[in-house]
Amino acid sequence: MACPPAAQSSPPRQPSVKVILARADVQRVVDRIAHQILEKTQGAADTVLLGIPTRGAPLARRLAARISTFEDVDVPVGVLDITLYRDDLRRHATRAVGPTQLPPGGIDGKRVILVDDVLFSGRTVRAALDALNDVGRPASVQLAVLVDRGHRELPIRADYVGKNIPTALTESVKVTLAETDGADEVKLFGGAHL
């Protein structure tokens, strides 16, 4: 009795990776957002940048540096930790609480621009708005993001977007920055190829 031929297995599918923004692209996007902030805020008067950790904090510092280069305006920069305001604390491992660092002069009566790397569901921004409410009363709040990937779960929209990247829910966007990861890059992971 002959044995049936062995089933040939196809090689495992590897997740696809696509570089969306390389180092030079990230710099151009930051420059463009800085110019947009200057235009929309009449020279960044009474404006404060608050970065949302982890990658929003260095992005806020970069934006402030570029605004200073373009217009010789010093925009105060701070960090807004949102850890205790997240709605997923019960589902994820314990996170270390970081410091919220407001710039000298605070945020009361100022235009606050929250800065983050990726806007996805909107839940991080909602947590940032709750955290902001506990540290001061800004005149207005705006949002600047490096990447908007869509799929909002809350009615939140960015005022300044570096790059819109249409994605599937099965895909993910990974931002790396020199300050936190050693290199500037935005990659899209997902799908599969042979």
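It should be noted that the structure appears before, not after, this text.
What counts, and where the lines are drawn
Residues numbered from 1 in each chain as written. Predicted model: local features only at pLDDT ≥ 70, side-chain atom pairs only at ≥ 80, totals over all residues. Heavy atoms only, no water. Pairing = 2+ DSSP bridges. Helix = DSSP H or I, 4+ residues; strand = E, 2+ residues; numbered from the N terminus. Axes fitted to C-alpha atoms, helices over the stretch in contact; angles between N-to-C directions. Contact = heavy atoms within 4.5 Å. Expected span 1.5 Å × (residues − 1). Buried < 20%, exposed > 50% of the residue type's maximum accessible area, 1.4 Å probe, protein only. Arc of directions from axis to C-beta.

K.L.:
Please give an account of the sheet that holds strand S6 (residues 160–164) that cites residues and values.
P.N.:
Strand order in this open sheet of five strands is S3-S2-S4-S5-S6, and the pairing throughout is parallel. Looking at the sheet topology across the chains shown, the edges are occupied by strand S3 (77–79) and S6. Strand-to-strand twist in this sheet, taken as the mean axis angle between neighbours without regard to direction, amounts to 25°. By the bridge criterion, eight bridges tie strand S4 (residues 111–119) to strand S5 (residues 140–148) in an arrangement that is parallel. Bridge pairing in S5 links Val 112 to Val 141. Those strands touched by helix H1 (residues 23–40) are strand S2 (47–51), S4, S5 and S6, and its axis lies near 150° from that of S6. Strand contacts of helix H2 (residues 56–71): S2, S3, S4 and S5, with the helix running at about 125° to S4, the strand carrying the most contacts.

K.L.:
Can you explain helix H3 (residues 123–135)? Please cite residues and give values.
P.N.:
Taking 1.5 Å as the rise per residue, H3 with 13 residues should run 18 Å; its terminal C-alpha atoms sit 19 Å apart, in good agreement. Along H3, the residues that are buried comprise Val 125, Ala 127, Ala 128, Ala 131 and Leu 132. With its buried residues spanning 155° around the axis, H3 presents them on a single face. Structural note: H3 exposes Asn 133 and Asp 134 on the side pointing more than 90 degrees away from its buried face. Buried-residue contacts for H3 involve S2, S4 and S5.

Nothing here speaks to function; it is geometry throughout.
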